[in-house]
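Secondary and tertiary structure notes
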Amino acid sequence: MTKHIFVTGGVVSSLGKGITAASIAFLLKRRGYRVKMQKLDPYLNVDPGTMSPYQHGEVYVTDDGAETDLDLGHYERFAEITCSRDSNYTTGKIYSSVIQREREGGYLGKTVQVIPHISDEIKKAISQLDGKDVDIAITEIGGTVGDIESLPFLEAIRQYRHQIGRENGLFMHLTLVPYIRAAGEMKTKPSQQSVGILQEIGIVPDILVCRCERPLSDEHKEKLSLFCNVKRELVIEEQDVKNSIYEVPIELAKQDIDKYILELFHMHVKDLKIDDWIQMVNTVVSPKSGEIEIAVVGKYISLRDAYKSIYEALTHGGIANDVRVHIRMIESEDIEKDGAEKYLSGVNGILVPGGFGDRGIPGKIDAIRYARENKIPFLGICLGMQCAVIEFTRNVLGHATANSSEFDPNTSHPVIALMEDQKKITAKGGTMRLGQYPCVIKDKTKAALAYGSLKINERHRHRYEFNPLFKAECEKHGMIFSGTCPDNNLTEIIELSGDHPWFVACQFHPEFKSRPLSAHPLFRDFIKAAAKKQA
Ligand code: GLN
């Protein structure tokens, strides 16, 4: 029988519940158990695919093409697991299936209600994680206890645990223990109140993870244990880490949280094997081959979460090359105003990430021109590849009005255009080219060198494509089409030949498949080229 851990959060949001849940999954995996993870989000959108990065940060895409919460990125990166559609449910998705069933007559004669129908549907979502191949399932509830929209989810996990029993289900609550500077003290009251809200709905946490800026004293731990009804050894301190989020599992392991979880589940406590992870964190903290700076030119630069996986993948590239990667975040509209030189001079590499809409496009194109002309290693991703094609056709082929039909539907040179099967689609949610598709790589290219294989699979999230009408002309002037989708001949990777050290751009999103212990090949080689530029 699959055991379940339910993770809730209290006091404030942004405590790093996803990273904590993922760290615990990692530790349990490294104790030899098979783990699956899931996030339940209380908002009404069916998925985050249509939300602005300002609302939601990055949209993380799974192999099977689900547009999901960015916490799933943490799950995949920390716990080395592969998520799917079943790994993210929202209130919108739950309600949609209940309402659809009601229309089909699935509840004939009954009044359809939040409890039991919505809560049953949530329990069904949780049980998707059950299986012979899963020892422990971790379900994270988004939001903060006390939010109106969280209630059906909390009721569902309360019932779930009641049904499977204490031995098979655990509640873990993540809370904040703030340090009040004026009083010079840490305060446990907000945590007591948050646990109080949980208890009102019948949930008593088994484990309390306390986020704090400073160490928790024994006295605080005693107090929290007593007032929150949690065993003393299960009051866990999670202090802010100094250098890298990848330190979190190491810090949690020092307090044996994984061991206690296994004991509560009456499971055998096998040895914990994390030497490779500790080694990796040491590389992040003190790399041996120096430091480099990579410019990321985007339009949500002030938002740390908007390019989460990109920033992580750059760090992984640094780990693989034993260098520290500093990221210079640049608003593409600033380049538009003041020119590329002012913002890009001195960088070792330039990355243009994905995006939608025409704001900031000219700045991205200028940044790419700067990378091409000054022979600075360049990695373009999705919109970044599309802008690289626009830049090349404008400035190398001389088609001054070349554009993507996303930005100018009447352009004389639609070098990036809508695919035939996208033309009839009007609905916005879940209708892009999404998820994993195969790609065949041309031998003896930079892509082939990076992957060390001529057949790969990568994750996608886009509507527009390179227009094959312009392929021959681009090739004649030195663009190499080094990756193609074998199903439909769509362009997946382009690169430049000649004397540019490393100029590669891809239509897919390699950042989603990069892991700290195995950097994505394109990020690894991009950072390698950037580190060489410094020498
Ligand atoms: N807006 C572009 C498209 O839809 C690129 C999308 C992206 O970068 N994810 O094709």
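Details of the structure are given in the entry above.
No experiment lies behind these values; they were computed from the predicted model shown.

1. Notes on the packing of aromatic side chains
Centre-to-centre distance and the angle between the planes together describe a pair of aromatic rings. Within the structure shown, the criterion is met by twelve aromatic pairs. Taken together, the ring pairs in this structure connect Phe26, Phe78, Tyr246 and Trp277 into an aromatic cluster. Seen from the ring of Tyr89, Lys93 lies directly overhead, with NZ or CZ sitting 4.4 Å from the centre.

2. Quick notes on the site of the ligand
Inspection of the region around the ligand gives Gly354, Gly355, Phe356, Cys382, Leu383, Gln386, Glu406, Arg461, His462, Arg463, Tyr464 and His509 as its neighbouring residues. Within the contact set of the ligand, an oxygen atom lies 3.1 Å away from a side-chain nitrogen or oxygen of Gln386. In this structure, His509 approaches the ligand through a side-chain N or O atom, which is 3.3 Å from a nitrogen atom. Expressed as a share of its isolated accessible area of 290 Å², the protein-covered part of the ligand is 98%. Looking at the shell around the ligand, the elements with two or more residues in it are α16 (383-395) and β19 (455-462).

3. Focus on the pairing of strand β11 (residues 235-239)
Within a regular strand, side chains alternate between the sheet's two faces. Most of β11 sits out of view: four of its five residues are buried. By the bridge criterion, five bridges tie strand β10 (residues 207-212) to β11 in an arrangement that is parallel. Pairing of Leu208 across the sheet is with Val235, part of β11.

4. Things to note about the sheet that holds strand β1 (residues 3-9)
One key point about sheets: their strands pair by backbone hydrogen bonds, in either a parallel or an antiparallel sense. On the basis of which strands lie adjacent, the open sheet formed by seven strands has the order β5-β2-β6-β1-β7-β10-β11 and parallel pairing. Pairing within the sheet leaves two strands with one partner each, and these edge strands are β5 (88-90) and β11. Taken over all neighbouring pairs, the strand axes of this sheet differ in orientation by 20° on average, direction set aside. Across three bridges, strand β2 (residues 35-41) lies against β5 in parallel orientation. Along β5, the bridge assignment pairs Lys39 with Asn88. Against the sheet, helix α5 (residues 114-127) touches β1, β2, β5 and β6 (136-141), its axis set at about 155° to β2.

5. Describing the state of the cysteines
Counted under the stated rule, the structure contains zero disulfides. Not part of a disulfide, Cys474 finds its nearest cysteine sulfur in Cys387, a span of 14 Å.

6. Structural notes on the pattern of salt bridges
Scanning all chains against the criterion turns up 40 salt bridges. For Arg161, the salt bridge goes to Asp206, with nearest N and O atoms at 3.0 Å. Of this pair, Arg161 sits in helix α6 (residues 151-164) while Asp206 sits in the loop between α7 (189-200) and β10, and the two are 45 residues apart along the sequence. Residue class for Arg161 comes out buried when judged on its relative accessible area of 15%. Among the residues examined, Asp206 registers a relative accessible area of 6% and is labelled buried. Between Asp338 and Lys342 there is a salt bridge, and its shortest N-O distance comes to 3.6 Å. Using a relative accessible area of 57% as the deciding quantity, one classes Lys342 as exposed. One network of salt bridges, with partners in common, ties together Lys39, Asp41, Asp69, Asp71 and Glu140.

7. Focus: the environment of Ala371
Following the sequence through the fold, Ala371 ends up in helix α15 (residues 361-373). The exposure class assigned to Ala371 is buried, which follows from its relative accessible area of 0%. Taking the C-alpha atoms as reference points, Ala371 and Glu495, separated by 124 residues in sequence, lie 13 Å from one another. Non-local contacts of Ala371, meaning those with residues more than four positions away in its chain, are made with Ile350, Ile376, Phe378 and His500.

Conventions we followed
- Residues numbered from 1 in each chain as written.
- Predicted model: local features only at pLDDT ≥ 70, side-chain atom pairs only at ≥ 80, totals over all residues.
- Heavy atoms only, no water.
- Phe/Tyr/Trp six-rings, centres within 6.5 Å; stacked < 30°, edge-to-face > 60°.
- Lys NZ or Arg CZ within 6 Å of the ring centre and 35° of its normal.
- Near = heavy atom within 4 Å.
- Polar contact = N/O pair within 3.5 Å; in protein donor to acceptor, adjacent residues only side chain to side chain.
- Areas by Shrake-Rupley, 256 points an atom, 1.4 Å probe, with all protein chains shown as cover.
- Helix = DSSP H or I, 4+ residues; strand = E, 2+ residues; numbered from the N terminus.
- Buried < 20%, exposed > 50% of the residue type's maximum accessible area, 1.4 Å probe, protein only.
- Pairing = 2+ DSSP bridges.
- Axes fitted to C-alpha atoms, helices over the stretch in contact; angles between N-to-C directions.
- Contact = heavy atoms within 4.5 Å.
- Disulfide = S-S within 2.5 Å.
- Salt bridge = Lys/Arg side-chain N within 4 Å of Asp/Glu carboxyl O.

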